[in-house]
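# Commentary on secondary and tertiary structure
Okay, here's what each chain looks like letter by letter:
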Amino acid sequence: MLGGCCDFVVGDVMYNGLLYQDVPIRYDGYLKQLVVNTPVKRSHVYVPMDKVEKFTLGGTEYSWRYGEIVAILFSSERMELVEQVNIVRKENLKPQGQVMYDFNRDVRYYVLRGGETYEVDKLKSVLKLFPGREKMLKGYAKKNALDFKLHRQSSLITIMKYADELLSQPLK
């Protein structure tokens, strides 16, 4: 959803300490700007991001972490799993001398735990974060047929929820 092109989605915005609900919004991932469709529906307004605390799109909360807007995919007392999307513009020269631009999505996932940030992208990177629990996590991933290539986001959410449960239990 983050970094999508043109469609407005009804969401909530925490702006300057006030919650605005059911607002038609979209997030421009290239400009890193929240856009609001005005009540008159004839104009779009770029919202000053320094006053946006968080917003929700499609049931997902987007909030500030380490100076960036990220999607909060999973959050507990012990950790958070977040998704950071960057839209990268690439210049593409055509034979007639025209300049065309391609916009590519660069999606990264991070675990915020104990004041540290760790990038995760597959099971191996998750296992490194939970010493002593690797065997249980591997077994859970296999039992639940988690596929970190085809279904990276859902697999990361699932394994992080399980890892959070494991952290609430003492090591055996």
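Residues numbered from 1 in each chain as written. Predicted model: local features only at pLDDT ≥ 70, side-chain atom pairs only at ≥ 80, totals over all residues. Heavy atoms only, no water.

### Topic: the side chain of S155
Tracing the backbone through its elements, the reader meets S155 in helix α3 (residues 152-167). A distance of 3.1 Å separates the side chain of S155 from the backbone oxygen of D147, its partner in a polar contact. There is a polar contact of 2.9 Å between the side chain of S155 and the backbone oxygen of H151. Filtering out sequence-adjacent residues up to four positions away, S155 remains in contact with L146, D147 and F148. (Helix = DSSP H or I, 4+ residues; strand = E, 2+ residues; numbered from the N terminus. Polar contact = N/O pair within 3.5 Å; in protein donor to acceptor, adjacent residues only side chain to side chain. Contact = heavy atoms within 4.5 Å.)

### A word on the packing of helix α2 (residues 134-143) against α3
Between α2 and α3, the least distance of the axes is 10 Å, while the angle of their chain directions is 140 degrees. Judged on the interaxial angle alone, α3 and α2 are oblique. The crossing of α2 and α3 is right-handed. Across the interface between the two elements, M136, L137, Y140 and A141 of α2 pack against T158, I159, Y162, A163 and L166 of α3. Split into classes, the residues belonging to the contact of α2 with α3 amount to 8 nonpolar, 1 polar and no charged. (Axes fitted to C-alpha atoms, helices over the stretch in contact; angles between N-to-C directions. Parallel < 35°, antiparallel > 145°, perpendicular 65-115°, else oblique. Left-handed = near helix turned anticlockwise from the far one by under 90°. Nonpolar A, V, L, I, M, F, W, Y, C, P; charged D, E, K, R; others polar.)

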